[in-house]
Amino acid sequence: MIEFLTSSNLARVKIALGVLESDISKAVKTATRKTFKWAERKAAKDIAAEAGIPYRAARARTRAKYRLSGSGQVWFGLNPVSAKYLGAKDRKGGFTNNKLNKHFFRRRGRARLPIDRVEKSIEADGMAYVEAEFPDEVRAKLLEEFFAALDKVGGRETGTSQQILNA
């Protein structure tokens, strides 16, 4: 959970800005929803770039769950990605099979069996991104969205609430 959205911090914001409890509640809900939707898309985009996989493959492996009280989590599927989702076609040394969901396979030797599914590992790249910069980006975005929503609810110009609180 992001530490900023605690009751003591929200009470301080309420006193400093002179806003109603209902306005703060609306701003928290709006900021949470926008932030976690943004985080879901941003994580998929960045993991796809880091791991060298298509965005659509990373987007299918990213989910955001959140509560409108200001907390949430983003789930990342970091299991290996099948070559099917990387654009593999029939190539020398491998084949696809319609009965096996058109995944790309290679034979281990000259015999017909055993076969191995061709996959690309993304766990190392994905974990490096998740542990390094992602949590700080989400915190910054949540604060930005919170103050923007608070300004909109209060009828102020964007950025005014944050300037008042920082002064």
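Each value, and the rule that gives it
- Residues numbered from 1 in each chain as written.
- Predicted model: local features only at pLDDT ≥ 70, side-chain atom pairs only at ≥ 80, totals over all residues.
- Heavy atoms only, no water.
- Pairing = 2+ DSSP bridges.
- Helix = DSSP H or I, 4+ residues; strand = E, 2+ residues; numbered from the N terminus.
- Contact = heavy atoms within 4.5 Å.
- Buried < 20%, exposed > 50% of the residue type's maximum accessible area, 1.4 Å probe, protein only.
- Arc of directions from axis to C-beta.
- pLDDT = per-residue confidence, 0-100.

Caption draft 1: How the structure looks around the pairing of strand β2 (residues 71-76). By the bridge criterion, six bridges tie strand β1 (residues 62-67) to β2 in an arrangement that is antiparallel. Bridge pairing in β2 places A64 opposite V74. With antiparallel pairing between neighbouring strands as the criterion, β1 and β2 make up a hairpin whose turn holds three residues, including G70 at a positive phi of roughly 110°.

Caption draft 2: View of unusual backbone geometry. A cis amide bond, omega 5°, links L113 with the succeeding residue P114. Along the chain, P114 turns up in the loop between β5 (104-107) and β6 (115-117).

Caption draft 3: Fine view of the side chain of T35. Within the secondary structure, T35 is located in helix α2 (residues 21-51). Apart from residues lying up to four places away in sequence, T35 is in contact with V138, K141, L142 and E145.

Caption draft 4: Main features of helix α1 (residues 7-17). If you check which residues of α1 are buried, you get L10, V13 and L17. Seen end-on, α1 carries its buried residues on one side only, within an arc spanning 55°. What points out from α1, more than 90 degrees from its buried face, is the exposed set S7, S8 and I15. One or two residues past the end of α1 sits G18, with phi positive at roughly 65°.

Caption draft 5: Quick peek at the confidence of the model for the protein chain. Summarising the model, the protein chain shows a mean pLDDT of 84, and 93% of its residues fall at 70 or more. Taken element by element, the predicted model of the protein chain shows its lowest mean pLDDT in helix α6 (residues 160-166) (74) and its highest in helix α3 (residues 55-59) (93).

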